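What follows is each chain in one-letter form.
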Amino acid sequence: MNDLIPLVNKLQDVFNTIGSEQIDLPQIVVVGSQSSGKSSVLETIVQKDFLPRGNGVVTRRPLVLQLVNTHMSSLPSSVSSDGSVNEAPDRAEFLHLPNKQFFDFEEVRKEIEAETARVAGQNKAISRTPIHLKIFSRNVLNLTLVDLPGVTKIPVGDQPTDIEKQTRNLILDYILKPNSVILAVSPANVDLANSDSLKLARHVDPEAKRTIGVLTKLDLMDAGTNSLDILSGRAYPLKLGFIGVVNRSQADIIANKPMADALKSETEFFQSHPAYRAIAHRCGTNFLAKNLNSILMNHIRDKLPDIKAKLNSLIGQTQQELSSYGDPSFTGKAHRGSLILQLLTRFASDFVAAIDGTSAEISTKELCGGARIYYIFNNVFGAALDSVNPCENLTVHDIRTAIRNSTGPRPSLFVPEIAFDLLVKPQIKLLEPPSLRCVELAYEELVKICHSCGAKELARFPRFHAKLIEVVSDLLRERLGPTSDYVESLISIQRSYINTNHPDFIGGGGAMSAIERASQKKKQDMERTRRLSTVNMVLAGNGGDSPNHREESGEKTLSNAMTNLTVHQAAERGDREREKLSHLNHPSNSSTSSLNGSHPGPNAPSKDTFLNYFFGPQQRMDRPTLQENPHRSGNVHNVAKEMVMPKTVLDGEPIDFERKVDHAADHDDYTGLNEREDMETQLIRSLITSYFNITRKSIQDLVPKAVMHLLVNYSREAVQNRLVAALYKEELFNDLLQEDDNLSAERAKCKAMLDVFKNAFTIINEAM
Ligand SMILES: Nc1nc2c(ncn2[C@@H]2O[C@H](COP(=O)(O)OP(=O)(O)OP(=O)(O)O)[C@@H](O)[C@H]2O)c(=O)[nH]1
């Protein structure tokens, strides 16, 4: 039974070697506010002066103290020549100094101070890293105790402003572990209601099952007061009870009072104290040590089955982790070929599965693989194409220049087809950058896919993994060129023949109708604005009307004025307007019927020239007479006719050639377009937009198909063969199957851990 504490110490040592905190080993954690007497309690238990002393914060790192009874253990004693047994002297060992033994406990104190300062600095700051100290003595009972920094309220020295929070968290880290027994130290000369240690203990152990209370400084209580209520468990119930102790006072320490004397004085104190006399056998440091020893042993005995179960599952997990690093024996000569082939096939099928979306490890966080390619086609590429303005960079100047240049030395009779052709081709070129970008994005996605393939299985063989990626990347790069070229040629194909017979093309008639509608609307708007401003003028011209008067007449005057004005103006314009409108809309008028619809009727001949689109075949003959003076009428239909006859001729004005040449040379001077020029420009723009939209649609359809065929599907089919051809070569096997150094180290660490767990399991098995 008494072997249980050495067993836990053994486990602790075993786990310390691998720094594993996976097992929560039973231990006693000493908690208390600053200067409550924690170190004094520990020193009295050990019966040695070995802990740092001083004012204020002294314990600044957790101290894991293992007490080993050399009397009970088989450890170092020797037999002298006269046959008597020489008890080995008490000694201490630090985990951080494995080859050094301390026999002078003053040196132990210095080492704790130096080690504390090394990690936590010289000035009052605290650190979470524990110091492990083992003390071998015949005067101690087997115990494992952890001394923690005291709960501090006010920061001093280098301590950060949140020192209270930091110490609290550090303490909580230890006492939260269900296998920790909390030794809550409270000074008896301070009201228990203010005890920090009991507050913290209650927080993590509300049923007070694993908290043992220690009352220090019982000798410092005011005369006439005592803690009998607490010590007998009436004031503050704890399952493990309260134990009172009297440690050395500061004066005793200064006077170097020996431990043995201190223990004697303590016993005398309890035996002679009127209040404690009756419970003296349950008080004092010796009783505390014995009690702690049996509490810890019982605790260990209770917890061992859990620890065993936990170890069991850890062994399973670690074994699994170890096998994930691969079996080093499997890379022997006989197996290399099949291993290479197996990993290579796995890589290729991962690649295909990622594209097809059949991968076992499909991400739920972000789009990947095939879905991402679809997203590129549908959303990214689609949006990029949609964002292209069909008339991007196409200024009025460009359009006018194109029209003029395409007519050569002749005056422009119609808006020439050649100008449209000239202008629309560069616009189609605008579809090329997004299309090529689409190819690149799909390529990049495939590269990304290939980087994520086989990552788990191939972590062991980084060279092989890199080679596999290299070969697939080469394959993808090879396909990038032809795919981009093909997509580029798709755009060139579109540019090489402008198919104005396309059924979706708006054509001249459609474009004219659209412009006509827009123009009419614009005119109506302008008219409305003009009327309103006239009304305002009428209202403003109402003589000496004061502002107040105007306000009084209000809406009524305004509406009257508007009605009068509208009626008046309608009468003035009269039949002229009505006649024009009926002329435009009259179905029997063949010249307007084709203008109003996008497509000519079923009997209309094919739209082979611009003249056809604009006016239908009959229009060739339907030229305006000079008397009609279409420009002056401002009618859209007449303006369209103007494109057939230059305005200057229609107006009958003499042409000043000198001025015209100068004007044409002045490229920036297109701001003051006349109505005919404005109409021509608009017409060209709407034709370009219509044709561009048709091309955009077909590019949007064709590019993804090309990318799928030439890049994605091609590489998908070719990947396995390519990998085998490039890498399944006997002379490469050695290089490809070179293991990663880190992985070998990880495997070794994992193996060591597994050994530790197995070892611990055996230790527990033997003890139980
Ligand atoms: N008279 C008397 N003095 C005590 C007793 N216990 C501790 N002291 C004194 O109280 C002071 C603080 O004791 P420590 O043991 O250093 O307290 P601590 O809780 O370890 O302090 P920190 O590690 O700094 O948090 C010392 O001067 C001790 O001598 C006691 O039972 N009686």
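Sequence order sets the numbering: in each chain, residues are counted from 1 along the sequence as written. The predicted nature of this model means local features are confined to residues of pLDDT at least 70 and side-chain atom pairs, given and counted, to a pLDDT of 80 or more, with totals for whole chains, interfaces and linings taken over all residues. Only hydrogens and water are removed before side-chain values are computed, so all heavy atoms of the structure are retained for them.

As annotated in an unreviewed UniProt entry, the protein chain carries the name dynamin GTPase and is attributed to Entomortierella parvispora. The UniProt entry for the protein chain carries this comment under Subcellular location (unreviewed entry): "Mitochondrion outer membrane". Entered under Catalytic activity (unreviewed entry) in the UniProt record, the comment concerning the protein chain runs "GTP + H2O = GDP + phosphate + H(+)". UniProt positions are given in the numbering used here, feature names are shortened, and annotations may be inferred rather than shown by experiment.

A. Representation of the environment of Asn 286 within the structure. Along the chain, Asn 286 falls in helix α9 (residues 285-324). C-alpha of Asn 286 to C-alpha of Ile 45: the two residues are 241 residues apart in sequence and 7.0 Å apart in space. In this description, contact between two residues means that some pair of their heavy atoms is separated by no more than 4.5 Å. With residues near it in sequence (within four places) discarded, Asn 286 still touches Gln 47 and Leu 263. Counting from the N terminus, the helices are the DSSP runs of H or I reaching at least four residues and the strands are the DSSP runs of E reaching at least two.

B. View of helix α24 (residues 675-727). Here, expected helix span is obtained from the residue count minus one, scaled by 1.5 Å. Along its 53 residues, α24 runs 72 Å from first to last C-alpha, staying within 8% of the 78 Å computed at 1.5 Å per residue. Fitting axes to the seven residues ending at a residue and to the seven starting there, one defines the bend at that residue as the angle between these axes. Along α24, the sharpest kink reaches roughly 45°, centred on Val 719.

C. Focus on the nonpolar core. Among buried residues, those of type Ala, Val, Leu, Ile, Met, Phe, Trp, Tyr and Cys that are joined through side-chain atoms within 4.5 Å constitute a nonpolar core. Classification of residues uses two cut-offs on accessible area relative to the type maximum, computed with a 1.4 Å probe and protein chains only: under 20% is buried, over 50% is exposed, and between them is partly exposed. In this structure, Phe 351, Phe 420, Leu 446, Phe 464 and Leu 723 are the most contacted members of the largest nonpolar core, which totals 78 residues. Broken down by element, this core gets its largest block of residues, 18 residues, from α24. Membership of the second largest hydrophobic core comes to 59 residues, among which are Phe 94, Phe 105, Ile 135 and Leu 183.

D. Local environment of the side chain of Glu 445. Assignment of secondary structure puts Glu 445 in helix α14 (residues 432-452). Judged by relative accessible area, which is 5%, Glu 445 ranks as buried. Not counting chain neighbours up to four residues away, the residues in contact with Glu 445 comprise Cys 368, Gly 369, Arg 372, Ile 373 and Ile 376.

E. Focus on the site of the ligand. As a matter of local geometry, the ligand sits amid 22 residues, with Ser 39, Ser 40, Thr 59, Asn 247 and Gln 250 nearest to it. A distance of 2.8 Å separates an oxygen atom of the ligand from a polar atom in the side chain of Thr 59. Here a polar contact is recorded for every N or O atom pair within 3.5 Å, except that within protein the pair must consist of a potential hydrogen donor and a potential acceptor, and residues adjacent in sequence are included only if both atoms are side-chain atoms. At a separation of 2.9 Å, a nitrogen atom of the ligand approaches a polar side-chain atom of Asp 219. Notes on the ligand: free accessible area 640 Å², of which the protein chains cover 93%. For the shell around the ligand, the secondary structure elements donating two or more residues are α2 (38-46) and α7 (250-254). Ranked by residue count, the leading element in the shell around the ligand is α2, at three residues. Polar here means any residue outside two lists: the nonpolar Ala, Val, Leu, Ile, Met, Phe, Trp, Tyr, Cys and Pro, and the charged Asp, Glu, Lys and Arg; Gly therefore counts as polar. Looking at side-chain class alone, the shell around the ligand contains four nonpolar, 13 polar and five charged residues. If even one non-hydrogen atom of a residue comes within 4 Å of a molecule or strand, that residue is called near it. Residue-level accessible areas treat just the shown protein chains as cover; the underlying method is Shrake-Rupley with a 1.4 Å probe.

F. How the structure looks around the packing of helix α4 (residues 163-175) against helix α5 (residues 196-204). The axes used here are C-alpha line fits, helices contributing only the stretch in contact, and every angle between their N-to-C directions lies in the interval 0 to 180 degrees. At their nearest, the axes of α4 and α5 sit 10 Å apart, and the two run at 50° to each other. Judged by the angle between their axes, α4 and α5 are oblique. The two elements α4 and α5 cross, and the hand of that crossing is right-handed. Counted together, Arg 168, Ile 171, Leu 172 and Ile 175 of α4 and Asp 196, Leu 200, Ala 201, His 203 and Val 204 of α5 form the full contact between these two elements. Oblique is the label for every angle not falling under 35 degrees (roughly parallel), over 145 degrees (roughly antiparallel), or within 65 to 115 degrees (roughly perpendicular). In this scheme, a crossing is called left-handed if the near helix is turned counterclockwise away from the far one by less than a right angle; it is called right-handed if the turn is clockwise.

G. Molecular detail of unusual backbone geometry. With a phi close to 60°, Gln 47 is a non-glycine residue in the positive phi region. With respect to the helices and strands, the residue Gln 47 is situated in the loop between α2 and β2 (63-69). For Gln 47, a relative accessible area of 23% puts it in the partly exposed group. A positive phi is found at Ala 208, a non-glycine position, where the angle reads about 55°. Along the chain, the position of Ala 208 falls in the loop between α5 and β10 (211-216).

H. Representation of the side chain of Asp 205 within the structure. On the secondary structure map, Asp 205 appears in the loop between α5 and β10. Asp and Glu count as negative and Lys and Arg as positive, but His and the ends of the chain are not part of the count. We define a salt bridge as a contact between a side-chain nitrogen of Lys or Arg and a carboxyl oxygen of Asp or Glu at a distance within 4 Å. Here Asp 205 sits buried without a salt bridge, and the closest side chain of opposite charge, Arg 210, lies 4.4 Å off (N-O distance). A polar side-chain atom of Asp 205 sits 2.8 Å from the main-chain amide nitrogen of Arg 210. Leaving out residues up to four positions away in the same chain, Asp 205 has contacts with Ile 182, Arg 210 and Thr 211.

I. The arrangement of the sheet that holds strand β7 (residues 131-137) in detail. Pairing between strands is defined by DSSP: at least two bridges between the two strands are required. Reading across the sheet, the nine strands line up as β6-β5-β7-β2-β8-β1-β9-β10-β11 and stay open at both edges, with mixed pairing between neighbours. Both edges of this open sheet fall to β6 (97-102) and β11 (242-244), since each of them pairs with a single strand only. Within this sheet the neighbouring strands show an average axis-to-axis angle of 25°, counted without direction. Where strand β1 (residues 27-32) meets strand β9 (residues 180-187), six bridges bridge the pair, whose relative direction is parallel. The residue bridging Val 29 from the neighbouring strand is Ile 182, located in β9.

J. The arrangement of the state of the cysteines in detail. By convention in this document, the label disulfide applies to cysteine sulfur atom pairs within 2.5 Å. Applying the stated criterion across every chain, the model contains zero disulfides. With no disulfide partner, Cys 450 has as its closest neighbouring cysteine sulfur the one in Cys 453, 6.5 Å distant. Looking at Cys 453, the relative accessible area reads 2%, which means it is buried.

K. Looking closely at the packing of aromatic side chains. Pairing of aromatic side chains here covers Phe, Tyr and the six-membered ring of Trp, requires ring centres within 6.5 Å, and sorts the geometry by plane angle: under 30 degrees stacked, over 60 edge-to-face, intermediate tilted. One pass over the full model with this rule turns up nine aromatic pairs. Centre to centre, the rings of Phe 420 and Tyr 691 are 6.2 Å apart; their planes meet at 90°, and the pair counts as edge-to-face. Here Phe 420 is found in helix α13 (residues 417-429), whereas its partner Tyr 691 is found in helix α24, with 271 residues between them in sequence. An identical accessibility class is assigned to Phe 420 and Tyr 691; each is buried. Lysine NZ or arginine CZ positioned within 6 Å of the ring centre and within 35 degrees of the ring normal marks a charge as sitting over the ring. The ring of Tyr 174 carries the charged tip of Lys 177 above its face, separated from the ring centre by 5.5 Å.

L. Highlighting the confidence of the model for the protein chain. Confidence of the predictor in every single residue is expressed as pLDDT, which spans 0 to 100. Residue-level pLDDT values for the protein chain average 77, and 75% of them are 70 or greater. Counting interchain partners and residues more than four positions distant, the pLDDT-below-50 stretch residues 543-670 has 155 contacts. Quick note on the complex model: pTM equals 0.52, ipTM equals 0.97.

M. Representation of the packing of helix α12 (residues 396-407) against α24 within the structure. The contact between α12 and α24 brings their axes to 10 Å, and the two run at 100°. Comparing the axis directions of α12 and α24 gives the class roughly perpendicular. Counted together, Val 396, Ile 399, Arg 400, Ile 403 and Arg 404 of α12 and Glu 677, Glu 680, Thr 681, Ile 684 and Arg 685 of α24 form the full contact between these two elements. Across the contact of α12 with α24, the residue classes tally to four nonpolar, one polar and five charged.

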